[in-house]
Amino acid sequence: MASPVKQPSWFTGPSVPTPTSRSSAITSAEGHAARRAADRERGVFLTHVHQSKMSVWQALGEADRRGGALSKVPLTRILIETGESRTRAVWIPKRVVELTGEAKKTRGPVNVSWMCDKKAGGNRLLCLAEVLSERGDVPWPGFPFVVPPFDVDEVASAWTA
């Protein structure tokens, strides 16, 4: 076994083994087991969110409070489990990133840890609140994918008359 790295005199922590030391190395089986455990924890959490009809805010707060594997849950998954459509759940994180002005700096999925990052000072959560509240009026339910429940030409002629 390799000798520990010489630490500065002011360092009071445990000695750090050299990279060649196998005493702290994780085997691939342990890594796979940890990954499965984290996936299971995220799955149980998302199932709980769906079954308990939690709001987006409750789900974000709970995931941030518990941390660990839940900090990597994508915002899209939370939105889907809280009742948003898939299309809107994909659009909302993109819009939040756009509103925060961090589009060039943000890479990868928007997850709980990114949303609740203390360095952002709550700005990202405020942008999420803004996006969730900007539903906008639609002319009829299902617009533009559903046939209107009225005659469009008749309504248009009433407006131009």
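For the structure itself, look to the data block above.
This is a predicted model, so every value here is computed, not measured.

Caption draft 1: Geometry of the environment of Thr-82. Residue position: Thr-82 is located in the loop between α3 (75-81) and α4 (86-100). Judged by its relative accessible area of 24%, Thr-82 falls in the partly exposed class. Reaching out from Thr-82, the side chain makes a polar contact with the backbone oxygen of Leu-79 at a distance of 3.0 Å.

Caption draft 2: Region of the structure containing helix α2 (residues 56-66). When we look at burial in α2, the residues that qualify are Val-56, Ala-59, Leu-60 and Ala-63. The buried residues of α2 all sit within an arc of 95° when viewed along its axis, so they share a single face. Taken together, the buried residues of α2 touch α1 (28-52), α3, α5 (112-115) and α6 (123-133). Backbone geometry just after α2 places Gly-67 at a positive phi near 60°.

Caption draft 3: Seen up close, the pattern of salt bridges. Following the criterion strictly, the structure yields 10 salt bridges and no others. Salt-bridge contacts for Asp-64 lead to Lys-118; the nearest nitrogen and oxygen are separated by 3.4 Å. Within this pair, whereas Asp-64 is found in helix α2, its partner Lys-118 is found in the loop between α5 and α6, the two being separated by 54 residues in sequence. Among the salt bridges present, the one from Glu-84 reaches Arg-88, with a minimum N-O distance of 3.2 Å.

Caption draft 4: Molecular detail of the environment of Glu-81. With respect to the helices and strands, the residue Glu-81 is situated in helix α3. In this structure Glu-81 comes out as buried when scored by relative accessible area, which is 15%. Put simply, Glu-81 and Leu-46 are 35 residues apart on the chain and 6.7 Å apart in space, counted from C-alpha to C-alpha. Contact partners of Glu-81, with chain neighbours within four places excluded, come to Leu-46, Val-49 and His-50.

Caption draft 5: Broad picture of the side chain of Arg-88. Along the chain, Arg-88 falls in helix α4. On the basis of relative accessible area, Arg-88 is assigned to the buried category, the value being 15%. Separated by 3.4 Å, the side chain of Arg-88 and the backbone oxygen of Val-131 make a polar contact.

Caption draft 6: Geometry of the packing of α1 against α2. Interaxial distance between α1 and α2 falls to 11 Å at its minimum, and their mutual angle equals 155°. In terms of their interaxial angle, α1 and α2 are classed as roughly antiparallel. Two packed elements cross with a definite hand, and for α1 against α2 that hand is right-handed. Along its contact with α1, which presents Glu-41, Phe-45 and Val-49, the element α2 presents Ala-59, Glu-62, Ala-63 and Arg-66. Per-class residue counts for the contact of α1 with α2 are four nonpolar, no polar and three charged.

Scoring rules and cut-offs
- Residues numbered from 1 in each chain as written.
- Predicted model: local features only at pLDDT ≥ 70, side-chain atom pairs only at ≥ 80, totals over all residues.
- Heavy atoms only, no water.
- Helix = DSSP H or I, 4+ residues; strand = E, 2+ residues; numbered from the N terminus.
- Buried < 20%, exposed > 50% of the residue type's maximum accessible area, 1.4 Å probe, protein only.
- Polar contact = N/O pair within 3.5 Å; in protein donor to acceptor, adjacent residues only side chain to side chain.
- Arc of directions from axis to C-beta.
- Contact = heavy atoms within 4.5 Å.
- Salt bridge = Lys/Arg side-chain N within 4 Å of Asp/Glu carboxyl O.
- Axes fitted to C-alpha atoms, helices over the stretch in contact; angles between N-to-C directions.
- Parallel < 35°, antiparallel > 145°, perpendicular 65-115°, else oblique.
- Left-handed = near helix turned anticlockwise from the far one by under 90°.
- Nonpolar A, V, L, I, M, F, W, Y, C, P; charged D, E, K, R; others polar.

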